[in-house]
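# Results of the structural survey
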Amino acid sequence: MSELFAGPDGGARCRWCGAAPEFPHYHDSEWGFPVVDDTRLFEKICLEGFQSGLSWRTILAKRENFRRAFHHFDIDRVARFTEKDVERLLQDEGIVRHRGKIEAVINNARRARELIASEGSLARFVWKFEPAPDGAAPPQTVSTSDEAIALSKALKKLGWKFVGPTTVYAFMQAMGLVNDHAQGCVVRERAERARSKLKRP
């Protein structure tokens, strides 16, 4: 099966983005473009944790609800959440009501504050695990990598939750630490240009 499909403009795109109406815009404007903003990085790793066992379409469709529920993933505000907030969120039909995942977001916000205090930023820590230019696997051929495994282990050692290697690799794909757009995808070159211009933290 081809890794590509023809988008509405006729341009070839990664096949997965044709699977749901929410995907093309996300694929064309976000997925694989490098991110060094701590809030966006924190949001994405939290949403990937919520996705565990579910589809990304489910999470993407609820993303604005998640943002509202978690104060747009403001790390300091989420770190101050209490059991009362957990109970509130468990009643929120707009998000995934899973106690362990909700509690993981709060825990991870607290761990993120600690990491920012020690490293200067979440981005600085995460981007240490960017693969070497010739070290990444061919696009969309693996579900994890040595770097994702290493980042997963490092985060777990610091007390983060729901950051297994597959979850972390999906995070790295989305945040542009790897360019996993298929060869021939019209967005691959744009994502790579953005990566080449990026000032690493």
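Residues numbered from 1 in each chain as written. Predicted model: local features only at pLDDT ≥ 70, side-chain atom pairs only at ≥ 80, totals over all residues. Heavy atoms only, no water.

- By the naming in an unreviewed UniProt entry, the protein goes by DNA-3-methyladenine glycosylase I and is assigned to Massilia eburnea.

### Considerations on helix 6 (residues 83-90)
- Within the span of helix 6, buried status applies to Asp85, Val86, Leu89 and Leu90. Along helix 6, the residues classed as buried sweep out an arc of 140° about the axis, all on the same side. (Buried < 20%, exposed > 50% of the residue type's maximum accessible area, 1.4 Å probe, protein only. Helix = DSSP H or I, 4+ residues; strand = E, 2+ residues; numbered from the N terminus. Arc of directions from axis to C-beta.)

### Regarding the nonpolar core
- Phe42, Phe66, Phe70, Ile102, Leu151 and Trp160 are the most contacted members of the largest nonpolar core, which has 60 residues in total.
- In contact with phenylalanine 66, other than residues within four places in its own chain, are Leu47, Phe50, Ile59, Phe73, Ile95 and Val96. (Core = buried A, V, L, I, M, F, W, Y, C linked by side-chain atoms within 4.5 Å. Contact = heavy atoms within 4.5 Å.)

### Observations concerning the UniProt feature "binding site: Zn(2+)" (unreviewed entry) in the protein
- Annotation from UniProt places "binding site: Zn(2+)" (unreviewed entry) at Cys14, His27, His181 and Cys185. These annotated residues cover 172 residues of sequence, and their C-alpha atoms all fall within 10.4 Å of one another, placing them together at a single site.
- Under the relative-accessibility criterion, histidine 27 is labelled buried at 0%.
- Discounting residues that sit within four places of it in the chain, histidine 27 has contacts with Arg13, Cys14, Trp16, Cys17, Phe33, His181, Cys185 and Val187.
- Examined against the element boundaries, cysteine 185 turns out to sit in the loop between helix 10 (165-174) and helix 11 (188-197).
- Setting aside residues up to four positions removed in sequence, cysteine 185 forms contacts with Leu4, Ala12, Arg13, Cys14 and His27. (UniProt positions renumbered as here; feature names shortened; annotations may be inferred.)

### Points about the layout of surface pockets
- In this structure, the largest pocket occupies an estimated 430 Å³ of space.
- What lines the largest pocket is a set of 19 residues, and nearest its centre among them are Trp31, Gln51, Trp56, Ala170 and Gln173.
- Every element with two or more residues in the lining of the largest pocket is listed here: helix 1 (23-29), helix 2 (38-51) and helix 10.
- Residue contributions to the lining of the largest pocket peak at six residues, all from helix 10.
- Classifying every residue of the lining of the largest pocket by side-chain character gives nine nonpolar, eight polar and two charged.
- Taken as a whole, the second largest pocket encloses approximately 290 Å³ of empty space.
- As for the second largest pocket, its lining consists of 20 residues, of which Pro133, Ala136, Asn179, Glu192 and Arg195 are closest to the centre.
- Examining the composition of the lining of the second largest pocket, we find that four residues originate from one element, helix 11, more than from any other.
- Taken together, the residues of the lining of the second largest pocket sort by class into ten nonpolar, three polar and seven charged. (1 Å grid on protein atoms, 1.4 Å probe; cavity = no way out; pocket = protein on both sides within 12 Å on 5 of 7 lines; lining within 4 Å. Points joined across faces, edges and corners; volume = space filled by probe spheres on them. Nonpolar A, V, L, I, M, F, W, Y, C, P; charged D, E, K, R; others polar.)

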